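Listed below are the residues making up each chain.
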Amino acid sequence: MFKGTDIINFFEVFATDLDCLEYLSNEKWSEEYQCVKCKHRGWCKTSKPFVRKCNKCKHKESATAGTLFHKVKFSLKKAFYITFMMSSSKKSCSSEEFARKLSLPKSTCWLFQHKVRQAMKSSEKYPIKTKAVVDEFNWGGKEEGKKGRSKGKKKEVVMAIEYNGFGILRCYCQVIKKAGTKELRPFIETHIDKNTEIKTDKWRGYTPLKKEFPKLIQIKSNHGKNFPLIHRQIMMFKAWLRGIHHHCKHLQNYLDEFCYRFNRLRHLDTIFNNLIVRMVKANPVPLKKLKIQWGN
């Protein structure tokens, strides 16, 4: 397992594409090999490095097949570098910065970054169980005549944070169509345990949820002064997105990246390996399946 955030050490460990292939091979078949076609467990090596051939049906499978590195059109070493920077650096890099540093087209970097973000999505297995605060915010530029909760063309986002006496432990975010009970309920049910103490403002969309979440408390926002932690977290996200990416399409992907990195700040030594494992276990995402158009 690669540990740490030292970039010099990273380049020493992953000096070539073969080093990256070996790492993927070790993670992909860390438990036991099983043929994807016939489920047979016996295998042998081939003339190509880190490709395994089934002893029964003779199917050949590479270390990248069936992962988010499947059919990457540029150096695997560069793909590892993008993954390393997106996971271990506090603010990551924009596609333009990666393109400049790696001599790749900006579109290539942007599309691969979105593949990485697919692996950064929440597993939804660890709901908040201590104390939570939930609030919504809008993302987008200023629009004339749009005030308060009238968002216009802006995207609306709901955020939940877990906190203790020392600060924020975790956060989760999701783009929603509007801040109604219908949209808020599935988000809260997914990310917050029903016995958790939850604080929200007086917005009427939260009121019906008190039946399902008996410890949900609504208090006046007082222009955000009664919710300083979550408002600080919202400002952190907005500052990061404006400062690194300036503007974006597919906002949920950027929210996933922000939350993934923030939730693992206490485990930065293993965050790169965690992301590689997620990318190995995830299904391949062809460019057509991403359903995204060029933009940033």
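Just so you know, these numbers come straight off a predicted model, no measurement behind them. (Residues numbered from 1 in each chain as written. Predicted model: local features only at pLDDT ≥ 70, side-chain atom pairs only at ≥ 80, totals over all residues. Heavy atoms only, no water.)

Section: the packing of helix H3 (residues 76–88) against helix H5 (residues 106–119)
Part 1 of the argument: Here H3 crosses H5 at 55°, and the two axes come no closer than 10 Å. What the angle tells us is that H3 and H5 run oblique. Pair H3 / H5 crosses with right-handed handedness. Contacts from Ala79, Ile82, Thr83 and Met86 in H3 reach Phe112, Gln113, Val116 and Arg117 in H5.
Part 2 of the argument: Considering only residue class, the contact of H3 with H5 consists of 5 nonpolar, 2 polar and 1 charged. (Axes fitted to C-alpha atoms, helices over the stretch in contact; angles between N-to-C directions. Helix = DSSP H or I, 4+ residues; strand = E, 2+ residues; numbered from the N terminus. Parallel < 35°, antiparallel > 145°, perpendicular 65-115°, else oblique. Left-handed = near helix turned anticlockwise from the far one by under 90°. Contact = heavy atoms within 4.5 Å. Nonpolar A, V, L, I, M, F, W, Y, C, P; charged D, E, K, R; others polar.)

What to know about the confidence of the model for the chain
Part 1 of the argument: Of the residues in the chain, 93% reach a pLDDT of 70 or more, and the chain-wide mean stands at 92.
Part 2 of the argument: Here residues 292–296 is modelled with pLDDT under 50, and outside its nearest four sequence neighbours on either side it reaches 20 contacts, counting other chains as well. (pLDDT = per-residue confidence, 0-100.)

Considerations on the sheet that holds strand E6 (residues 167–176)
Part 1 of the argument: Taken in spatial order, the 5 strands of this open sheet run E6-E5-E4-E7-E8, and their pairing is mixed. Unpaired on one side and paired on the other, E6 and strand E8 (216–218) mark the two borders of the sheet. Looking at each pair of strands side by side, their axes are set apart by 25° on average, direction ignored.
Part 2 of the argument: Judged from the 9 bridges that link them, strand E4 (residues 131–139) and strand E5 (residues 155–164) form a sheet pairing that is antiparallel. Of the residues in E5, the one forming a bridge with tryptophan 139 is lysine 155.
Part 3 of the argument: Packing against the sheet, helix H6 (residues 181–191) makes contact with E5, E6 and strand E7 (197–200), and its axis sits at approximately 145° to E6. (Pairing = 2+ DSSP bridges.)

Details of the sheet that holds strand E1 (residues 43–45)
Part 1 of the argument: With antiparallel pairing, 3 strands are arranged side by side in an open sheet as E1-E2-E3. The sheet terminates laterally at E1 and strand E3 (60–62), the two strands that pair on one side only. Across the sheet, the axes of successive neighbouring strands diverge by a mean angle of 30°, strand direction being ignored.
Part 2 of the argument: Note that E1 and strand E2 (residues 51–54) share 3 bridges and pair antiparallel. Bridging from a neighbouring strand, tryptophan 43 pairs with cysteine 54 of E2.

Let's talk about the pattern of salt bridges
Part 1 of the argument: Counted according to the given criterion, the structure contains 9 salt bridges.
Part 2 of the argument: One salt bridge connects arginine 185 with glutamate 212, and the closest N-O pair in it is separated by 2.6 Å. Residue arginine 185 is found in helix H6, and its partner glutamate 212 is found in the loop between E7 and E8; the two are separated by 27 residues along the sequence.
Part 3 of the argument: Here glutamate 212 falls in the partly exposed class, since its relative accessible area comes to 23%.
Part 4 of the argument: When salt bridges that share partners are traced, they join Glu97, Arg100 and Lys101 into one network. (Salt bridge = Lys/Arg side-chain N within 4 Å of Asp/Glu carboxyl O. Buried < 20%, exposed > 50% of the residue type's maximum accessible area, 1.4 Å probe, protein only.)

Some remarks on unusual backbone geometry
Part 1 of the argument: One non-glycine residue with positive phi stands out, namely lysine 58, at about 70°.
Part 2 of the argument: Position of lysine 58 among the secondary structure elements: in the loop between E2 and E3.
Part 3 of the argument: Located in the positive-phi region is serine 103, a residue other than glycine, with phi close to 55°.
Part 4 of the argument: Of note, serine 103 is situated in the loop between helix H4 (95–102) and H5.

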